[in-house]
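Remarks on the overall topology
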Amino acid sequence: MQDEVRTMDVDALAGRFTEITGADGVITDPVRLRTYECDGLTFYKSTPGIVVLPRTAEQIAAIVRECVAAGIPYVARGSGTGLSGGALPRTDGVLIVTSRMRRILSIDTANQRAVVEPGVINLDVSKAARPHGYYFAPDPSSQQICSIGGNVAENSGGAHCLKYGFTANHVLACEIVTPSGDIVEISRDGPGYDLLGVFVGSEGTLGITTKITVRLTRLPETVQTLLAAFTSIEAGGEAVSAIIGSGVVPAAIEMMDALAIEAAEAAVRCEYPAGAGAVLIVELDGPVAEVEHQFTQVQRLCQDAGAFEVRIAADDEERALIWKGRKSAFAAVGRISPAYLVQDGVIPRTALPEVLSRIDELSRESGVRVANVFHAGDGNLHPLVLFDDAEPGAGERAEEVSGKILDLCIEHGGSITGEHGVGVDKARYMPRMFTDADLDTMQMVRCAFDAAGLCNPGKVFPTPRLCGEVPGVHKGVHPLVEQGKAEQF
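A few points on the structure. Since the structure is predicted, the reported quantities are computational estimates derived from the model, not experimental observations. (Residues numbered from 1 in each chain as written. Predicted model: local features only at pLDDT ≥ 70, side-chain atom pairs only at ≥ 80, totals over all residues. Heavy atoms only, no water.)

Here we take up the overall build of the chain. Tallying secondary structure elements over the chain gives 17 helices and 21 strands in all. Once the C-alpha set of the chain is aligned to its principal axes, its extents read approximately 70 × 55 × 45 Å. The proportion of buried residues among the 489 residues of the chain is 55%. Intrachain contacts of the chain at a sequence separation of at least 6 include 70% that bridge at least 24 residues. For the chain, the accessible area works out to roughly 20100 Å², and carbon and sulfur atoms hold 51% of it. (Helix = DSSP H or I, 4+ residues; strand = E, 2+ residues; numbered from the N terminus. Buried < 20%, exposed > 50% of the residue type's maximum accessible area, 1.4 Å probe, protein only. Contact = heavy atoms within 4.5 Å. Areas by Shrake-Rupley, 256 points an atom, 1.4 Å probe, with all protein chains shown as cover.)

In C-alpha cells form, the structure reads like this:
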C-alpha cells in the first residue's frame, strides 16, 4: 500500500517542490536517490521517495508545509556522516537535504560568536574564525565533512569535548522550522523553558535547524601534544586514571588499542611505536606556564604507568601526524575488515580497565574482532566490531557482540550513547536504560513539538506511538523493518 501511495503522489509532490526550489533542487531519479539511502551507518538502508535540496529557511518551511498537508513523513539530512541511522530516510517520504545551505553569515569576534547555515562544514567555521584568533571547539573525527546542522541534531562531541564540552555547550541560538512549517528562533537568552536545550541533540525529531549561532573559543596561547605507547591497554587505562586523578584536565586524552593502530598504520602510515598494545594521545592547551607545568606531570604519570616510549610533538606538523592516526581510525578499519559496526557507549572512567577486559573476553568467546578507539578522559568508548558481510550470519554475530558491549556499559552505570545518538540503531536498547514511564514522558515532549508524527518518524524510541495514545507497554520492531522497507546486511 505504501508503494502505491508513493507511485501515486510522487509526481504531484515533485512538481510542488520544483516550484519551491527550482528543478535542480528535486531528485526523483531512482539511481540518484540511492545516493541518500543511508548515512554513515550502512547497516540499514532505505531509498527515499523524493530528495529535496533547499537553499533557504523559507524553502524548507514551504516543503514541510507541503508534507504536512499531504500527510507525508519527512527526514532532514546534512552531510550524512551520522553513525546511528538518524538520517535514514523513508521510502514513502521526503528527504530534506541541507547541504546547499553553506553560508557563514557572520563572524562576530567582539561577542565571540558566529552565525552559520546548517550545511556549513564544522572545520570551515574554525578556518573562518582563526584569522581573528578564534575557533569552533567541538571537533568530531568527521569534522572535515560533517555539517553544523548535523552536529546540532546529534549534539556531537569530539576529541576535545573532555575540556570544552559538546555542541550543546557552544550553541547560543537556532532558527528552526517547526514540524508545522513555521520559522521560529529559540535561544539561551529567551525567557521560560530551555527549548534550545531540548532541541540540541533531538536527532531531527523536533524540527529542522536553518540557522545556528555558535560560540567561538579563543585560540590558546600554546598547545602541547604527546603520544605515549604501552604494552597493554590496561596500562594505558591506568595512565588515564592517574592523569585525571592528579587534577590535570587535558584538552584531549584519546586511546587506541593494537587492532585500531594496525588499521591506522595500513591507512595513513601514522608511524606509531612498533609493538604497542595501546597508544595514548594527550593534548594540553592554555597559558604557557600552566601547560608546561602540567605537561611535565603528564609525562611522568605516563612513564610511571609503564609507557615504553613517549613522543612529544615539536611543532604543528608533528602534532598533526600524531592526530592523523586517531582521526582516521574509523575509516581506516575498512583496510582490515570488509565491514564493521561503530559502537558508542559510555562508562565511568574508573571502570575502563574492567570493561575493556570484558570486551576482550567477548571478542575471544565470539570470534568477532573488536578494535577499540575511545575518548579515554570521559569514558566514551567507540568499539569497532569487525565482520565480513559476505559471510552468512556474520552481521548478526557482530550485532550480538555490539549489544553485549552496550549491556556492559549499562551494568557499569554508563549509557548506550555518548555522541553518536540513538537513531535507528539503538532505539531497541532504550528500554534497557529507561522505564516505560521515562519513555512515555520523552514521547510527550516529542508530541508537543510534532503532534502529527511526521518529523523524522521511527527514530530514538523503540516503538512508535501516535500522540494521544494511552501510555503502556509496547512491543515491536523498527517501523521501516516492519514495513519491509529497510534492508539489513
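Moving on from the coordinates now.
Below, the discussion takes up the sheet that holds strand 7 (residues 113-116). Across the sheet, 5 strands lie side by side as 6-7-11-9-10; this open sheet has antiparallel pairing. For this open sheet the edge positions go to strand 6 (104-108) and strand 10 (183-187), each flanked by a neighbour on one side alone. The average undirected angle you get between the axes of adjacent strands in this sheet is 15°. Note: strand 9 (residues 171-177) against strand 10, 5 bridges, orientation antiparallel. Across the sheet, the residue bridging to Cys174 is Ile186, located in strand 10. Strand contacts of helix 3 (residues 57-70): strand 9, strand 10 and strand 11 (208-215), with the helix running at about 50° to strand 9, the strand carrying the most contacts. The sheet strands contacting helix 4 (residues 122-129) are strand 6, strand 7 and strand 11, and the helix crosses strand 6 at an angle near 45°. (Pairing = 2+ DSSP bridges. Axes fitted to C-alpha atoms, helices over the stretch in contact; angles between N-to-C directions.)

Packing of helix 8 (residues 233-245) against helix 10 (residues 288-304) brings their axes to within 9 Å, and their N-to-C directions diverge by 145°. The interaxial crossing formed by helix 8 with helix 10 has right-handed handedness. Residues Ala239, Ala242 and Ile243 of helix 8 pack against Val298, Leu301 and Cys302 of helix 10. Here the contact of helix 8 with helix 10 is built from residues that sort into 6 nonpolar, no polar and no charged. (Left-handed = near helix turned anticlockwise from the far one by under 90°. Nonpolar A, V, L, I, M, F, W, Y, C, P; charged D, E, K, R; others polar.)

Turning next to a negative patch on the surface. On the surface, Asp315, Asp316, Glu317 and Glu318 cluster together to form a negatively charged patch. By relative accessible area, which is 39% here, Asp315 ends up partly exposed. (Patch = residues over 30% accessible without salt bridge, like charges linked within 9 Å, V, L, I, M, F, W, Y side chains within 5 Å. Salt bridge = Lys/Arg side-chain N within 4 Å of Asp/Glu carboxyl O. Lys, Arg positive; Asp, Glu negative; His and termini not counted. Charge placed at Lys NZ, Arg CZ, Asp CG, Glu CD.)

Let us look at the packing of aromatic side chains. If you walk through the whole model with that rule in mind, you get 3 aromatic pairs. When the ring of Phe43 is compared with that of Tyr44, the centres are 5.7 Å apart and the planes differ by 80°; the resulting orientation is edge-to-face. Across this residue pair, the class does not change: Phe43 and Tyr44 are buried. Taking the centre distance of 6.5 Å and the plane angle of 80° together, the rings of Tyr135 and Tyr164 count as edge-to-face. Here Tyr135, found in strand 8 (residues 134-135), pairs with Tyr164, found in helix 6 (residues 161-164); they are 29 residues apart in sequence, far enough to count as distant. By relative accessible area, Tyr135 is classed as buried at 12%. Taken together, the ring pairs in this structure connect Phe43, Tyr44 and Phe387 into an aromatic cluster. (Phe/Tyr/Trp six-rings, centres within 6.5 Å; stacked < 30°, edge-to-face > 60°.)

With the exception of glycine, the majority of residues adopt a negative phi angle, and the majority of peptide bonds are in the trans configuration. Positive phi, close to 55°, is recorded for Gln112, a residue that is not glycine. Residue position: Gln112 is located in the loop between strand 6 and strand 7. Owing to a relative accessible area of 34%, Gln112 belongs among the partly exposed residues under this scheme. Even without a glycine there, the phi angle at Val460 is positive, about 75°.

Looking now at the pattern of salt bridges. Considering all chains together, one arrives at 21 salt bridges under this definition. Two residues, Arg16 and Glu66, come together in a salt bridge whose shortest N-O distance is 2.9 Å. Pair noted here: Arg16 is in helix 1 (residues 2-21) and Glu66 is in helix 3, with a separation of 50 residues, a long-range link. Residue classification places Glu66 among the partly exposed residues on the basis of a relative accessible area of 23%. For Arg358, the salt bridge goes to Glu361, with nearest N and O atoms at 2.7 Å. Of the two residues, Arg358 and Glu361 both sit in helix 13 (residues 352-366), 3 residues apart, roughly one turn of that helix. On the basis of relative accessibility, which here comes to 26%, the residue Glu361 falls in the partly exposed class.

Keep in mind that these numbers describe shape and distance, not what the molecule does.
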